[in-house]
Amino acid sequence: MKPIYKLRLPVYLDYSSTTPADPRVVEKMLPFLRHKFGNPASRSHILGWETEAVVEKARECVASLIKASSKEIVWTSGATESNNLAIKAIALSKHNKGKHIITLKTEHKAVLDTCRYLESKGFIISYLAVNNNGLLDLALLNNCIQSGTILVIIMYVNHEIGVIQNIEDISRVCNKLRVPLHVDAAQAVGKVSINTSKTQINTMSLTSHKAYGPKGVGVLYVNKANVFKVVPQMHGGGQEKGVRSGTLPTHQIVGMGKAYRLIYVEGLSEFKTTKQLNVFLVKELIYIVQASVNGCLTARVPHNININIKYVEGEALMMSMKSICVSSGSACTSSSLQPSYVLQAIGCIQNVHNSIRISIGRFTLASEVEYVTQVVSGKVKRLRQLSPLWV
Ligand SMILES: *Cc1c(COP(=O)(O)O)cnc(C)c1O
């Protein structure tokens, strides 16, 4: 029997969890693990000057992708740290003005758990509901902001269902009522165009590993027009103007800079390819297995396909497809097998267990997408035959 496709197994369709580093990123990083190992803070010799220069170049690459100034970029270890740093720093510096913070039920755990922590310290958090399409109703936000509200935290693109919040309008509401806005943009980079010069965002979290850079590095964008200072959460050598101490991981930073540069140059054409693959995949899955897409159908990124397959346990389907890497619910919660809180928040009460998240990206091939539709339809047929509910 001759193989139908030449496939790279397992087929990786879990780009929302993490992405492989682009080979060009890896190439760029290697010298900084080898002979260019100087500490960027070493002011007294060539090896230090050299790495300081590349760190600043990478800073410009990140800044230019989001239309920011490089002065507004603070290196961190990833979006989890950036969220913690911004949220705790703003809460600490503004607690005299009030103790009320607003966020969404569908935020990432890095935001939700930080808010829970602040609750234990006496802050009051409003976890706003979203509509059944996953989007925030602006009137709800507007009504929730009070005189004691010191911070609003809204994600750009949701990690589980891929919906895009209207950050421009949200920022307008926050700005009008003079409440700082923190945006978690970990899933947005390379998928939506982020323009900090047009949109009034006070702080924003970015990460490298969801955009073809290495893991363990990220950025906190801090708007230079902010009236508040980001109080450091880490104390030490005073790097990053004292906001985030710790020796800069040059190789990681160079990798993130290169990854963001590649998006700056190639992002648009890549987006079109992803969109085409998405259209094919969604059409096939809806046609073959009568699946439906979770979350808003228009305000969404094409990289994420979170689908509901009636009478099929998402977990059982996933486990039956050993050659395919997808995710049921969020990667961060799937180890605990708790029903996804994001799907619950969009009203999928009965369907939380019937969903899988397929996420595609730069290295996804048409043949892989085709393979996946065939495998999924085969497995779904079998699982439905076992289901007493399927007629
Ligand atoms: C992945 C992710 C994070 C965490 O980012 P790390 O860099 O892995 O710490 C935070 N928020 C969202 C929306 C994410 O998707």
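Located above this text is the structure these notes cover.
Residues numbered from 1 in each chain as written. Predicted model: local features only at pLDDT ≥ 70, side-chain atom pairs only at ≥ 80, totals over all residues. Heavy atoms only, no water.

Trainee: What am I meant to see in the overall build of the protein chain here?
Mentor: Along the backbone of the protein chain there are ten helices and twelve strands. Taken over the C-alpha trace, the protein chain has a radius of gyration of 22 Å; the compact-globule value for 391 residues is 21 Å, and the two agree within 12%. Every one of the 391 residues in the protein chain was classed for burial, and the buried ones make up 56%. Sequence separation of 24 or more characterises 75% of the internal contacts of the protein chain that already satisfy a separation of 6 or more. In the form shown here, the protein chain has an accessible surface area of approximately 17,900 Å², with 56% of it arising from carbon and sulfur atoms. (Helix = DSSP H or I, 4+ residues; strand = E, 2+ residues; numbered from the N terminus. Rg over C-alpha atoms; globule rule 2.2 N^0.38 Å. Buried < 20%, exposed > 50% of the residue type's maximum accessible area, 1.4 Å probe, protein only. Contact = heavy atoms within 4.5 Å. Areas by Shrake-Rupley, 256 points an atom, 1.4 Å probe, with all protein chains shown as cover.)

Trainee: Honestly, the site of the ligand in this entry has me stumped. Any pointers?
Mentor: Surveying the vicinity of the ligand reveals the residues Gly78, Ala79, Thr80, His108, Met155, His159, Asp184, Ala186, Gln187, Thr207, His209 and Lys210. Between the ligand and Thr80, the relevant distance is 2.6 Å, taken from an oxygen atom to a side-chain nitrogen or oxygen of the residue. Asp184 places a side-chain nitrogen or oxygen 2.6 Å from a nitrogen atom of the ligand. In isolation the ligand exposes 380 Å². Once the protein is present, 88% of that is buried. A per-class count over the shell around the ligand returns three nonpolar, seven polar and two charged. (Near = heavy atom within 4 Å. Polar contact = N/O pair within 3.5 Å; in protein donor to acceptor, adjacent residues only side chain to side chain. Nonpolar A, V, L, I, M, F, W, Y, C, P; charged D, E, K, R; others polar.)

Trainee: So what exactly am I meant to see when it comes to the sheet that holds strand 4 (residues 124–128) here?
Mentor: Strand pairing in a sheet relies on backbone hydrogen bonds, with the paired strands running either antiparallel or parallel. Pairing within the open sheet is mixed, and its seven strands lie in the order 2-8-7-6-5-3-4. If you trace the sheet from one side to the other, it starts and ends with strand 2 (73–76) and strand 4, each paired once. Across the sheet, the mean angle from the axis of one strand to that of its neighbour is 20°, orientation sign disregarded. As judged from the five bridges shared by strand 3 (residues 100–104) and strand 4, these two strands associate in the parallel manner. Paired with Thr103 across the bridge in strand 4 is Tyr127. Running at roughly 165° to strand 7 (residues 203–207), helix 3 (residues 79–94) makes contact with strand 2, strand 3, strand 5 (149–155), strand 6 (181–184), strand 7 and strand 8 (218–222) of the sheet. (Pairing = 2+ DSSP bridges. Axes fitted to C-alpha atoms, helices over the stretch in contact; angles between N-to-C directions.)

None of this, on its own, says anything about what the molecule does.
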